[in-house]
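# Working through the structure, step by step
Each chain is listed here by its residues.
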Amino acid sequence: MILGKTNHFKVTILLFLLVFLTQINATTIKGRILDSKTQEPLTGAIIIDKLNDKINDEARLDGSYFIKKIKPGKHLFSIQYVGYIKQEKEVYVSGNKDVVLDILMEPRKNALAEVQIVGKLDKESSDYARSSEKRADNLLNIISARSIQLSPDITVANVLQRVSGVTVQKTSNSGEGQYAIIRGMDKRYNYTLINGIKIPSPNDKNRYVPMDIFPAELISRIEVIKALTPDMEGDAIGGVMNLVMKDAPDKLLISINGSVGYNKMFFDRPFYQFNTSAINPQAPSERGIPNASPSDFPIQDLIFKGIKPFPNLNGGISFGDRFFDKRLGFVLAISNQNTYSGSDAFVTVPRAQPNPGTLPAFETKENRTYSTLQNRLGIHNKLDFQIDRNNKISLYNAYFELNKYDSRHVDQTSLSTGVGNVDVYDRSQTQLEKIYNSTLQGNHNLTNTIKLDWSAVFSKAWANNPDEAELHTASSDFGNTLILNGISHKWRNNSDQDLAAYLNVFWNPAFLPKNAEIKAGGMFRHKTRHNFYTEYSLDPSPNPQTFSTIENATVLFSGYNANAGSPVNQNDYDVTEDLMAGYGQIKFKILTKLNVLVGVRVEHDLQNYTTPMPATFPGRAGIIPYMDILPSLHLKYELSENQNLRLSYFSSISRPGFFEIIPYNIKGETFDEKGNPNLKEAKAANVDLRYELFPRASEQILVGAFYKNIVDPIEYSLVREAGPSALQLKPQNFGTATNYGVELVFNKYFGNFGVSANYTYTKSSITTYKKTYGRSNPADPTSQLVTDSVLRTRPMQGQADHIGNLSLLYKNQKIGLDCQFSLVYTGQYISQVSGWDGLDFWSMPNTTIDFSFEQRLSKKFNLSIFGKARNLLNSAAITRILKPNDYYLPSNIQLPQQDSPNSIVVQKEQYGQNFLLGFRYLF
């Protein structure tokens, strides 16, 4: 019995040794699967042992594969990739030495349709984006649909902050990105294209388009163009954002996604809502009521209820196919996003102006609570028809809508009368924005050397702010008794419509070297823009009046003829603009390496505006012509097959916004705003230099530098033009400015892991006059106050010295998992320029961290789940005045939120963390 146990023990030891020795002798086979001609990695290629299908792997982002624990003996590996010839490799493994097996695959020449399908899908891949950057005639950065899908973002505005050299200006009520600042150049210096066509803006004052109106999932790729060619409109000094929408697929494609999410802020406080159905879309004067009564105004939009909001709900569907032997293509995509967001903010407001006889000071502090419901809708449709091999026609339609319902509660405390005096402002605001674009295009090969394309465009943008209502109450005994101070109602709406035509002719003459091309063309656009504004003010009656509820309040109109609103005011205007442009350019190659594109563009712009003001009112109407000649030169030297060196020069302009040249006067969030009919367009000379290396299809290293010299740059500044309290924001020209910097981009993959990073250093300078202030004897606080005007040099508004993005990526093709950890850093910049020395508002450095993932659940059914988490650190947006706070604040006044004796926190906003979980199905 003892012997039996001993034998059993020996057998166990023997088996253990056999297994151990087997594992010791197990070999690893590794290598890369590449395209035989381009050496590009074939990500997702499958390698499998035909003698044992449990031995397999998929090529990673860099084309590498790694198969462990291969037993000694003969193995027959099969390698497959769509559009490539299947290969088989016989490998004999002996001992425990690793085997390196690199595999070069040949494209299938007899599977043209399959290759075309792969190419079509690749247009939404990072590989295609990198290839387009490499082949482009000018400087641009591209973010692909696949990168967008995996990012933490659901709007185009937030996606743009991932691009090198781009920062995003956020809204104060929700913290969502809205406008892009490219290379430190404010949003006014950029424009937006859809499929290469410029679109109008729903903004009621300016030309730039709010980028938060676009759902990101409708986009095939985003191109940020940083150097203009002659065939592009010239009014961009910072850059151009081209949204390339999804195209018709080569075979039936159906995609469905849905997601649910929540903002953590509303776990900690209520979401305040009002009855949006009570809002009247038209003012009494628009409804034919020349003399309104208080009963013509609803009160339900001034009754706010705190609730726990529903979850955020997002969904999208797209359908596309080709018919009639692939000649007719069709795609329809719809996206809808319904989100609840908000912010908690602290604001301290400067005195309306440094009064004569007083130093600059702050008069109030405010605690603001925002609750915002956003509904975003995007519909995109395209039809294309291949008439024959030389003629193609397409029709594109897009509709975008963003509806915002915002409630704002403000507790305002006077710094001079003590903490017991509180003014309360409750405001409901509805903002409805829409953009529609319809473009008919044709592409025609007229001869072997001549071709042309044309576009006929109708575009329109609308914005409607119906019944912005605000209730003002006050308390002087620590909130025990509220006094009604007044109610106001405002209606604003505007429209911006374009009718445009474009023509481009391409000629490849025989007398020029091969691949040389002459291109010429022109465009015409007729724009009509209308803006409507009216407001009504109502005072308590009797006055003073104790306030209990809005239902019990009694009011009457404030001011002469106030029940008519403001039928004659400079905020109403109509504008027409006729833009004609022509260009010519030639593209050729010198000594097979140097690509040259040189040309010139001429633009003539004529603006005509009118207001309903009396003929005696200064600037009631005007005609403003512009004529610009804009040359450009782009050089690209091909150092090798995957390396370029670029040098570009181009001239560009930035015209004033339509509203800015009208002598308007409108109440703003913190300061009133005023127009400037004497505003001139800004003109710039731009130079770019960039080295590019593309090691593999989805990898890149870019090192670039840029310089801009801007004449008559336009910025808003706080100015005092009349009266002791008339400090207003006004657009002005500021001499000559410079803007220069460097950009670094790095994308690299290591097996399943990747790093995507970019950094931009920007430095700008502009010299303007500033008002100074102080005592004749600084040591004597009772000495005479003196002011003077001095020249000061500062950065341009919106320009941050340092911008950085870092994304850590993990992509496992075998298990279908993608993860992305993202960091965005924006350095400090001037957010608001003051006419007084030292009173500029600076947005402080800000870092946000986001995380996203997508996990394939079923490869057979193309089903996956995804998650997005944004603003994980709940980073605060902080604005400061960079001066010691004891200089502006009496010793007996303590402002909250202050953390340094060397500066004053004038605004602090927090937006909460956002979480989203959803599914994606592809058929």
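## What about the overall build of the protein chain?
A count of helices and strands for the protein chain gives 6 helices and 49 strands. Looking at the protein chain residue by residue over its 923 residues, the buried ones come to 54%. Residue pairs at least 24 apart in sequence account for 70% of intrachain contacts in the protein chain once pairs closer than 6 positions are excluded. For the protein chain, the accessible surface area stands at approximately 39,900 Å², while carbon and sulfur atoms represent 58% of it.

## With respect to the environment of N141
Considering the arrangement of structural elements, one finds N141 in strand 9 (residues 140-144). Distance in space between the C-alpha atoms of N141 and I222 is 8.3 Å, their sequence separation being 81 residues. If we skip the residues at most four places from it in the chain, N141 touches E133, V163, S164, I222, E223, V224, K226, R690, L702 and V745. Side-chain polar atoms of N141 contact the side chain of K226, separated by 2.8 Å.

## Some remarks on the sheet that holds strand 9
What the 5 strands build is an open sheet, ordered 9-14-15-12-13; its pairing is mixed. Whereas interior strands pair on both sides, the edge strands pair on one side only; in this sheet they are strand 9 and strand 13 (197-198). Inspection of the sheet shows strand 12 (residues 190-194) paired to strand 15 (residues 239-245) by 5 bridges, in the parallel sense. In the strand pairing of strand 15, I194 is matched with L243. Along the sheet, helix 3 (residues 126-135) makes contact with strand 9 and strand 14 (219-225), crossing strand 9 at roughly 170°.

## Brief notes about the environment of Q913
In this structure, Q913 sits in the loop between strand 48 (904-910) and strand 49 (914-922). With 41 residues separating them in the primary sequence, Q913 and L872 have C-alpha atoms 5.6 Å apart. In terms of polar contacts, Q913 uses its side chain to reach the backbone carbonyl oxygen of L872, at 3.3 Å.

## Some thoughts on the environment of Y405
Looking at the element boundaries, Y405 is found in strand 22 (residues 391-414). Sequence separation between Y405 and S428 is 23 residues; the distance between their C-alpha atoms is 7.6 Å. For Y405, the contacting residues outside a window of four places in its chain are F274, T276, S371, T372, L373, Q429, T430 and L432.

## Here's the deal with the pattern of salt bridges
Counted by the stated rule, this structure contains 52 salt bridges. For R427, the salt bridge identified is with D406, shortest N-O distance 3.4 Å. With R427 in strand 23 (residues 422-445) and D406 in strand 22, the pair connects residues that are 21 residues apart, well separated along the chain. A salt bridge links D496 to R529, with the shortest nitrogen-to-oxygen separation between them at 2.5 Å. With D496 in strand 25 (residues 483-507) and R529 in strand 26 (residues 517-540), this residue pair connects regions lying 33 residues apart in the sequence. A relative accessible area of 1% places D496 in the buried class. On the basis of relative accessible area, R529 is assigned to the buried category, the value being 1%. One network of salt bridges, with partners in common, ties together K198, E233, D235, R525, R601, E603 and R655.

## Quick word on the sheet that holds strand 6 (residues 87-93)
Ordered in space as 3-2-5-6, the 4 strands form an open sheet in which the pairing is antiparallel. The two strands at the open ends of the sheet, each matched to only one other strand, are strand 3 (52-58) and strand 6. Each strand of the sheet is rotated relative to its neighbour by a mean of 25°, with strand direction disregarded. Pairing geometry for strand 5 (residues 73-80) and strand 6, over 7 bridges, is antiparallel. In the strand pairing of strand 6, G73 is matched with V93.

## Structural notes on unusual backbone geometry
Residue P542 follows S541 across a cis peptide bond; omega there is 5°. Put simply, N543 and P544 share a cis peptide bond, and its omega is 5°. You can see P544 is positioned in the loop between strand 26 and strand 27 (555-557). With a phi angle near 50°, N874 is a residue other than glycine that sits in the positive phi range. Note on placement: N874 falls in the loop between strand 46 (863-870) and strand 47 (877-881).

## A look at the side chain of E699
Mapped onto the elements of the fold, E699 is located in the loop between strand 34 (682-693) and strand 35 (700-711). The class for E699 is buried, based on a relative accessible area of 1%. Here K748 takes part through its side chain, which lies 3.4 Å from a polar atom of the side chain of E699. What E699 contacts, discounting residues up to four positions off in sequence, is D62, R130, L693, F694, N747, K748 and Y749.

## A word on the nonpolar core
L160, F214 and I222 are the most contacted members of the largest nonpolar core, which has 32 residues in total. Looking at this core, the elements that each hand over two or more residues are helix 5 (156-160), strand 10 (166-170), strand 11 (177-182), strand 14, strand 15 and strand 22. If you count residues domain by domain, this core takes at least three from each of domain 2 (126-249) and domain 3 (257-270 + 308-484 + 499-534 + 569-922). In contact with I222, not counting residues within four places along its chain, are N141, I142, I143, I148, V156, V159, L160, N242 and L243. Y189, I624, Y664 and A737 belong to the second-largest nonpolar core, a separate cluster that totals 26 residues.

## So, the side chain of N312
Inspection of the secondary structure puts N312 in strand 19 (residues 312-323). At a separation of 2.7 Å, a polar atom in the side chain of N312 contacts the main-chain amide nitrogen of Y340. Those residues in contact with N312, other than ones at most four positions away along the chain, are S259, V260, G261, Y262, N263, N338, T339, Y340 and N914.

## Quick look at the packing of aromatic side chains
Remark: the centre distance and the inter-plane angle together describe each pair of aromatic rings, the angle taken between the planes. Across all of its chains, the model carries 17 aromatic pairs by this definition. Ring centres of Y536 and F557 lie 6.4 Å apart, and the angle between their planes is 55°; on these two criteria the pair is classed as tilted. Separated by 21 residues along the polypeptide, Y536 in strand 26 and F557 in strand 27 bring together distant segments of the chain. The exposure classification of Y536 matches that of F557, with both residues buried.

## Re a nonpolar patch on the surface
On the surface, a cluster of nonpolar side chains totalling about 870 Å² of accessible area is made up of V598, L633, Y637, L639, L645, L647, Y649, V687, L689, Y707 and Y740. Every element with two or more residues in the nonpolar patch is listed here: strand 30 (621-640), strand 31 (643-654) and strand 34. Its location among the elements puts Y637 in strand 30.

## Things to note about helix 3
Inspection of helix 3 places S126, A129, R130, S132 and E133 among the buried residues, and these make up the whole buried set. Looking straight down helix 3, one finds its buried side chains confined to an arc of 160°; they lie on one side. Elements that come into contact with the buried residues of helix 3 comprise strand 9, helix 4 (145-150), strand 31, strand 34, strand 35 and strand 38 (736-750).

## Points about the pairing of strand 49
Pairing analysis gives 9 bridges linking strand 16 (residues 253-263) to strand 49, with the strands arranged antiparallel. Considered in strand 49, the bridge of S255 is made with L922. Both strand 46 and strand 49 contribute to a ladder of 8 bridges, which runs antiparallel. What sits directly across from K868, in strand 49, is L916.

## Description of the confidence of the model for the protein chain
Any region with low pLDDT has predicted coordinates that should not be read closely. Within the protein chain, residue pLDDT values average 87, and 89% of them lie at 70 or more. Confidence drops under pLDDT 50 across residues 15-24; counting only partners more than four residues distant or on other chains, this segment forms 3 contacts. The low-confidence segment residues 111-121, where pLDDT is below 50, has 12 contacts with residues more than four positions distant or belonging to other chains.

Calculation notes
- Residues numbered from 1 in each chain as written.
- Predicted model: local features only at pLDDT ≥ 70, side-chain atom pairs only at ≥ 80, totals over all residues.
- Heavy atoms only, no water.
- Helix = DSSP H or I, 4+ residues; strand = E, 2+ residues; numbered from the N terminus.
- Buried < 20%, exposed > 50% of the residue type's maximum accessible area, 1.4 Å probe, protein only.
- Contact = heavy atoms within 4.5 Å.
- Areas by Shrake-Rupley, 256 points an atom, 1.4 Å probe, with all protein chains shown as cover.
- Polar contact = N/O pair within 3.5 Å; in protein donor to acceptor, adjacent residues only side chain to side chain.
- Pairing = 2+ DSSP bridges.
- Axes fitted to C-alpha atoms, helices over the stretch in contact; angles between N-to-C directions.
- Salt bridge = Lys/Arg side-chain N within 4 Å of Asp/Glu carboxyl O.
- Core = buried A, V, L, I, M, F, W, Y, C linked by side-chain atoms within 4.5 Å.
- Domains from an automatic or database assignment.
- Phe/Tyr/Trp six-rings, centres within 6.5 Å; stacked < 30°, edge-to-face > 60°.
- Patch = residues over 30% accessible without salt bridge, like charges linked within 9 Å, V, L, I, M, F, W, Y side chains within 5 Å.
- Arc of directions from axis to C-beta.
- pLDDT = per-residue confidence, 0-100.

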